[in-house]
Structure formats: C-alpha cells, structure tokens
Amino acid sequence: MEEQYWKRFLETGKIKDYLYYKGMAIIRKVMESYPEIESEAAGESD
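Definitions and limits used
Residues numbered from 1 in each chain as written. Predicted model: local features only at pLDDT ≥ 70, side-chain atom pairs only at ≥ 80, totals over all residues. Heavy atoms only, no water. Helix = DSSP H or I, 4+ residues; strand = E, 2+ residues; numbered from the N terminus. Areas by Shrake-Rupley, 256 points an atom, 1.4 Å probe, with all protein chains shown as cover. Phe/Tyr/Trp six-rings, centres within 6.5 Å; stacked < 30°, edge-to-face > 60°. Patch = residues over 30% accessible without salt bridge, like charges linked within 9 Å, V, L, I, M, F, W, Y side chains within 5 Å. Salt bridge = Lys/Arg side-chain N within 4 Å of Asp/Glu carboxyl O. Buried < 20%, exposed > 50% of the residue type's maximum accessible area, 1.4 Å probe, protein only.

So, the overall build of the protein chain
Phase 1: Regarding its fold elements, the protein chain presents 3 helices and 0 strands.
Phase 2: Along its sequence from the N terminus, the protein chain presents helices and strands in the succession α-α-α.
Phase 3: As displayed, the protein chain has an accessible area near 4,200 Å², and 55% of this comes from carbon and sulfur atoms.

With respect to the packing of aromatic side chains
Two numbers describe a pair of aromatic rings. These are the distance of the centres and the angle of the planes.
Phase 1: As enumerated under the stated definition, the model contains 5 aromatic pairs in all.
Phase 2: The interplanar angle of 40 degrees and the centroid separation of 6.3 Å between the aromatic rings of tyrosine 18 and tyrosine 21 together place this pair among those described as tilted. Of this pair, tyrosine 18 and tyrosine 21 both sit in helix α2 (residues 15-33), 3 residues apart, roughly one helical turn.
Phase 3: Clustering of aromatic rings is evident, with ring pairs tying together Trp6, Phe9, Tyr18 and Tyr21.

A few points about a nonpolar patch on the surface
Phase 1: A surface patch of nonpolar side chains, amounting to about 520 Å² of accessible area, comprises Trp6, Leu10, Ile15, Tyr18 and Leu19.
Phase 2: Broken down by secondary-structure element, the contributors of at least two residues to the nonpolar patch are α1 (2-12) and α2.
Phase 3: When residues in the nonpolar patch are grouped by element, the largest group, 3 residues, is from α2.
Phase 4: One can find leucine 19 in helix α2.
Phase 5: Using a relative accessible area of 53% as the deciding quantity, one classes leucine 19 as exposed.

Here it is as structure tokens:
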C-alpha cells in the first residue's frame, strides 16, 4: 500500500502526497510493534 502513495507522490510532487506516504510508513511500523491490536481489529478477541 505504501508503494501506491509513493507512486502518487512521484507523479504529483506534492508535499501532501509525500506526507501521506510517510504517514503510511509510520502506521505500518506501529502496527508491527503491536500485533495484538491487529488481531483485535480482525475480530479475534481473547
């Protein structure tokens, strides 16, 4: 998904599109740090 935002930034050159790309990278890192959040979001509760 990040690749999609990067391609959009390369096409437009807009700062807004770059910030979307960076935001997606940050979200991915956070989700990888908390795997229990991902499983709860998928409806798998304890």
